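Structural overview for review
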Amino acid sequence: MVSSIPPGVLPNWMHKLKNGAYMSNKILERCLLSFMSDDEASQAVEDAIRMGILVPKGKAARAKGKRISLCFAQKIGELQNSLKTDPYCFECHLPGTEPLKKCLSCVRSFHATCQRKNPHRPNYSVPSDKGQAYRFPLNESDMEESCDEEDEAQQGTATPASTIPVAPDASYELDYNSNISNKDPLKHEDSSDDVFFVSEQPARQRKRRNTLIKSEEAPEANNELELCTPCRLLKLSDLLNPPHVSIEELNCLLDYSWQTYHSWLKKDVRKYMAKHWTERDSALVRSALFKNDTLGISDISHSIEIKKYKHLSEFLIDLLDLQHNIGIFFGTKCEEYNATKWLLRDITHDIREIRRCSDCYRHSNEANSCTFWFAKPCTQRHELVYAKQYGSPHWPAKVIRVMTRKSNIYDVRFFGGSHSRALVSARDILPIDTDISQLSTKGKNSRTFNAALRELRCHMMLLHQPMYLFNFYADPRDAEDLINRALPHCMEAAEVNASVKRPRATTPASAKKRKIAATATSATPKRLQPSRRCSMTSRPELLQQITAHVDTAGPFAGYRELVQEVLFLNEELTRNKAELEIMKEELKAVKRKRWCQHCLEEAEFDCCFNASYCSDECKRRDKRRHQGTCGHQLKS
C-alpha cells in the first residue's frame, strides 16, 4: 500500500500522543498547518486512520465532519507488517502521487522520474559558498555536463573529434582550491581520464557509429535503472575503491573526513527520539516510518572505530541512508535536511580525493606533524611539472590528474606556501627538466619561489627511497629523519640569493697594486667564520664540554655554578614560552565564542548584533535592560 502521509507528520503527532494519549482529530490537523494546507492536513489524518497508524477511541463509526478522539497504534508488529517496502522515495523522500518502484535487490523504493542517471551525482543542487573559504577542484564532468547528450546527437556526423576547435575557458585557469559549482554540487569520478606525460600526446579519439555491438547489452542498461542508488554504488564499489589501501588505512582516512565535517549535523533521528520520547513511543514511530534501521551519527562513528567499512561506497551509502531518514522524519524543508546536503557535499569531495591519491589525502591531514609533508612521495607517483598561472611565473607542481575529454586541462598542486590547487591549460605546462634560466625571470629570486624549489628538490631526493618508509604503517619518525637528512643537500632561499653575486665597479689600477702588495706581506691566513651562528644556551651539551675543561680553582671559581644556573634559567624560559603559546591559543578560542548577556555562560543564539543569550529564560530576564539598545527594535 502506497503511503500518502507527508514527511514530518508522524513526529508532530507523537508529541501530542505520547504514552498512548488520545487527542481530537481537529487538534492533530491543526498542528500540521505550519507546513501544509487545511485539505492536506485533513487528508493526512484520513490516510493515517485508513492505514491503521491512528486508531479511533471505541468502535463507533466516524461520521464526516464529526470530532473523534484518536491515539497512536500500540501494536508494533502490525505496523511493521504493514510496511512491505519503504513507503517513501529514496531520492525525493516524498510519497507522491506517482507509484513507487521497488528496488530489485533491497527494500528501498523510488520514483522513476527521481532515479539518478549517475549514482554519484544527486538530483538537487547545493550552493557552494556556505562554510567554504576556498573552492574545490572541478571534475571533468563539471565542465562537460552534457557531453553524453552531445555524443548521441553527433553520432551520425563524420567530423572527427580532434578537428573540433575547443577554446579553453579562462575560468578554469585559476582556482585556489576550487569549489563545487552552484549548478552541480556532487561530482562523480570519471574513469575516462587518460593520464599521460607532458612530452606525450593523447591518442586520437574515434567514435563508433553504433554504440550497441550486441543486442543483449540493451537489457543490462535497463536493469541498471531498476536498482536504487545504494545498490548501484555497491556494484561499483570494487572498481572505485583506491588500490593498495588496506581496511585499516581506509577507515583512518574516512575518520579524518568524518571528524572534520560531522559537525554539520546538530541532531539526527535517533538522538531526537531518545531526547523527547520514551522507548516504546520511539519504537512505534520507527515501525510506522522506517523499513530499515535508523542510522545515527554515533552509529557511523562506531562503524569507523571498529573498521567496518571495506569500500568507500559503503560509507557513502550510510550517509545517503542517514539523509533519507532525516528527510522523512523532519521533512525536506527543514534545517536538518539542508545540513545533510552540506555534509554530503564536503565528504563526497574528500572521497574523490581519496580515490585519486590516498597518500596525498593522508599526508595533507597529517601536515601538523611534519612541515615538509608535501615532499613525501606517494605510492602513485605524480608527474612533476612547471605550471604557470596568469600573473605568476612557472611554478613547480605535482600533476594530480589530466582531464582530456575535450581539452587538456591539468589539475596540479603547487610546491611551497599553502600548496594551492589549480586547473591549468596544457599550453602553460612545461616538463620538470626544463632549464629554469630560460623561464620568465619574474619572481624567480623571491623567497617563496626558492622555498618551493627546495621542497621540490627534497621530494626528488626522497623518490629514491623505498616506499615502505612513507606508507600508512611506517614510523613517522623514520620519514622525518629522512627529510631532515635530505634538507641540508637542498638549496635554501638565502643560499640561492647569496650564490648570485652582484657585479661591482672596476677597481683602479693603483688600488689593485696596493691590495696585491698588502696580501703578499701578510702571511697570516684569514679565519673562516661559521656559516650559521647560534647561542650557547641553545646548545647545552657544548656548554657542558667547555665547562669540563675549565679550571675552577683559580679566577674561575664558581663558574660551574653559574653555568648550571644559566642552563636552568634557559629551560625555565623555554617552558614559560610554551605555556604562553598555549594560553594564547586558549585565549583566541575564548574570543571566538559568544557569551550570554545575562548569565555570562556560552551563548546559543543571537538576539541582534549587540547581544547573545544561552536560553530564552535569560533573554526574557534581560529584556528590560536590552530593549533600549536592541538592533531589531531600533530598525522598527
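The structure presented is a predicted model; accordingly, all values stated were derived computationally and were not measured.

To continue, consider the overall build of the protein. What the protein contains, in helices and strands, is 25 helices and 12 strands. Within the protein, contacts between residues separated by at least 24 positions form 67% of all contacts whose residues are at least 6 apart in sequence.

It is worth spelling out the nonpolar core at this point. One finds Trp 13, Leu 54, Phe 72, Trp 258, Phe 315 and Phe 329 to be the most contacted residues of the largest nonpolar core, which totals 65 residues. If you tally residues by element for this core, the top one is helix H14 (residues 312-330), at 11 residues. Apart from residues lying up to four places away in sequence, Leu 54 is in contact with Trp 13, Leu 17, Leu 28, Val 45, Ala 48, Ile 49, Leu 70, Cys 71 and Phe 72. Of all hydrophobic cores here, the second largest spans 22 residues; its members include Trp 373, Val 399, Ala 422 and Leu 453.

The subject of this paragraph is unusual backbone geometry. The backbone phi angle of Asn 19 is positive, close to 55°, even though this residue is not glycine. Counting through the fold element by element, Asn 19 comes out in the loop between helix H1 (9-16) and strand S1 (23-24). A relative accessible area of 58% means that Asn 19 is categorised as exposed. Unlike most non-glycine residues, His 244 shows phi in positive territory, near 60°. Tracing the sequence through the fold places His 244 in the loop between helix H9 (237-240) and helix H10 (247-261).

Attention now goes to the packing of aromatic side chains. With the rule as written, the count across this model stands at 12 aromatic pairs. Plain terms: the ring middles of Trp 258 and Phe 315 are 6.3 Å apart, the flat faces sit at 90° to each other, and that makes the pair edge-to-face. One end of the pair, Trp 258, is in helix H10; the other, Phe 315, is in helix H14, with 57 residues separating them in the sequence. Considered together, Trp 258 and Phe 315 belong to a single accessibility category, that of buried residues. Residues Phe 329 and Phe 330 carry aromatic rings whose centres are separated by 4.9 Å and whose planes lie at 80° to one another, so their mutual orientation is edge-to-face. We note Lys 341 situated over the ring of Tyr 124; from NZ or CZ to the ring centre the distance is 4.8 Å. Looking at Lys 398, its charged tip hangs above the ring of Phe 374, at a distance of 4.2 Å from the centre.

With respect to the helices and strands, the residue Asn 118 is situated in the loop between strand S5 (109-110) and helix H5 (140-143). Each C-alpha atom of the pair Asn 118 and Arg 232 lies 9.2 Å from the other, and the pair is 114 residues apart in sequence. Separated by 3.0 Å, the side chain of Asn 118 and the backbone nitrogen of His 120 make a polar contact.

Of all the five residues making up strand S9 (residues 421-425), five are buried; the element is thus mostly covered by neighbouring parts of the structure. Going residue by residue along S9, you find Arg 421, Leu 423 and Ser 425 tucked away on one face and Ala 422 and Val 424 tucked away on the opposite face as well. Here five bridges tie strand S8 (residues 409-414) to S9, and the two strands are oriented antiparallel to one another. Residue Arg 413 lies in a different strand from S9, and its bridge partner there is Arg 421.

Considering all chains together, one arrives at zero disulfides under this definition. Counting only cysteine sulfurs, Cys 228 is the nearest neighbor of Cys 106, a cysteine outside any disulfide, at a range of 3.4 Å. Considering cysteine sulfurs only, Cys 630 is the nearest to Cys 607, which forms no disulfide, with 3.9 Å between them.

With 70% of its residues at a pLDDT of at least 70, the protein reaches an overall mean of 76. Of all helices and strands in the protein, the one with the weakest mean pLDDT is helix H6 (residues 147-153) (39), whereas H10 scores best (94). Low pLDDT, under 50, characterises residues 139-196; the stretch is placed with 139 contacts to residues that sit more than four places away or in other chains. Under a pLDDT of 50 for its full length, residues 510-537 has, in the predicted model, eight contacts with residues more than four places off or in other chains.

Counting buried residues along helix H16 (residues 358-365), six of its eight residues qualify, which places the element largely inside the surrounding structure. Looking at H16, one finds that the buried residues are Ser 358, Asp 359, Cys 360, Tyr 361, Arg 362 and His 363. The inward-facing, buried residues of H16 contact H10 and helix H15 (335-356).

A word on the pattern of salt bridges. Tallied over the full model, the rule gives 21 salt bridges. Of the charged contacts in the structure, one is a salt bridge between Glu 353 and Arg 356, with a shortest N-O distance of 2.7 Å. In this pair, Glu 353 and Arg 356 are both assigned in helix H15, three residues apart and thus about one turn of the helix distant. The exposure classification of Glu 353 matches that of Arg 356, with both residues buried.

Topologically, Glu 480 is positioned in helix H18 (residues 476-486). Dropping the residues within four chain positions of it, Glu 480 is found in contact with Ser 369 and Cys 370.

The next subject is the sheet that holds strand S10 (residues 429-431). Strand order in the open sheet formed by five strands is S9-S8-S7-S6-S10, with antiparallel pairing between adjacent strands. In the strand order of this sheet, the two ends are held by S9 and S10, each with one partner. Between one strand axis and the next, the sheet turns through 50° on average, direction left out of account. Sheet strands in contact with helix H17 (residues 447-462) are strand S6 (384-388) and strand S7 (394-403), and its direction is about 55° off that of S7.

Of note, Gln 597 is situated in the loop between helix H22 (559-592) and strand S11 (605-606). Separated by 16 residues in the primary sequence, Gln 597 and Tyr 613 have C-alpha atoms spaced 5.9 Å apart.

So, about the sheet that holds S1. What links the strands of a sheet is backbone hydrogen bonding, and the strands pair in either a parallel or an antiparallel sense. Here we have three strands laid out as an open sheet, ordered S1-S3-S2, and antiparallel in their pairing. Edge positions in the open sheet fall to S1 and strand S2 (54-56), since each of these has one partner strand only. Pairing analysis gives two bridges linking S1 to strand S3 (residues 69-72), with the strands arranged antiparallel. Residue pairing in the sheet places Met 23 in a bridge with Leu 70 of S3.

With that out of the way, let us pick up empty space enclosed by the protein. Taken as a whole and judged by the stated rule, the model has two cavities of 30 Å³ or more. Lining the second largest cavity, in full, are Phe 90, Glu 91, His 93, Arg 116, Tyr 124, Leu 320, Gln 323 and Tyr 337.

Another point: the side chain of Arg 355. Among the structural elements, Arg 355 can be located in helix H15. A polar contact is formed between the side chain of Arg 355 and the backbone oxygen of Leu 240, at a distance of 3.3 Å.

The next thing to look at is H10. With 15 residues, H10 should reach 21 Å at 1.5 Å per residue; the first-to-last C-alpha distance of 21 Å fits that figure. Listed in full, the buried residues belonging to H10 are Glu 249, Leu 250, Asn 251, Leu 253, Leu 254, Ser 257, Trp 258 and Tyr 261. Residues of H10 that are buried sit in contact with helix H13 (297-305), H14, H15 and H16.

Criteria and cut-off values
Residues numbered from 1 in each chain as written. Predicted model: local features only at pLDDT ≥ 70, side-chain atom pairs only at ≥ 80, totals over all residues. Heavy atoms only, no water. Helix = DSSP H or I, 4+ residues; strand = E, 2+ residues; numbered from the N terminus. Contact = heavy atoms within 4.5 Å. Core = buried A, V, L, I, M, F, W, Y, C linked by side-chain atoms within 4.5 Å. Buried < 20%, exposed > 50% of the residue type's maximum accessible area, 1.4 Å probe, protein only. Phe/Tyr/Trp six-rings, centres within 6.5 Å; stacked < 30°, edge-to-face > 60°. Lys NZ or Arg CZ within 6 Å of the ring centre and 35° of its normal. Polar contact = N/O pair within 3.5 Å; in protein donor to acceptor, adjacent residues only side chain to side chain. Pairing = 2+ DSSP bridges. Disulfide = S-S within 2.5 Å. pLDDT = per-residue confidence, 0-100. Salt bridge = Lys/Arg side-chain N within 4 Å of Asp/Glu carboxyl O. Axes fitted to C-alpha atoms, helices over the stretch in contact; angles between N-to-C directions. 1 Å grid on protein atoms, 1.4 Å probe; cavity = no way out; pocket = protein on both sides within 12 Å on 5 of 7 lines; lining within 4 Å. Points joined across faces, edges and corners; volume = space filled by probe spheres on them. Expected span 1.5 Å × (residues − 1).

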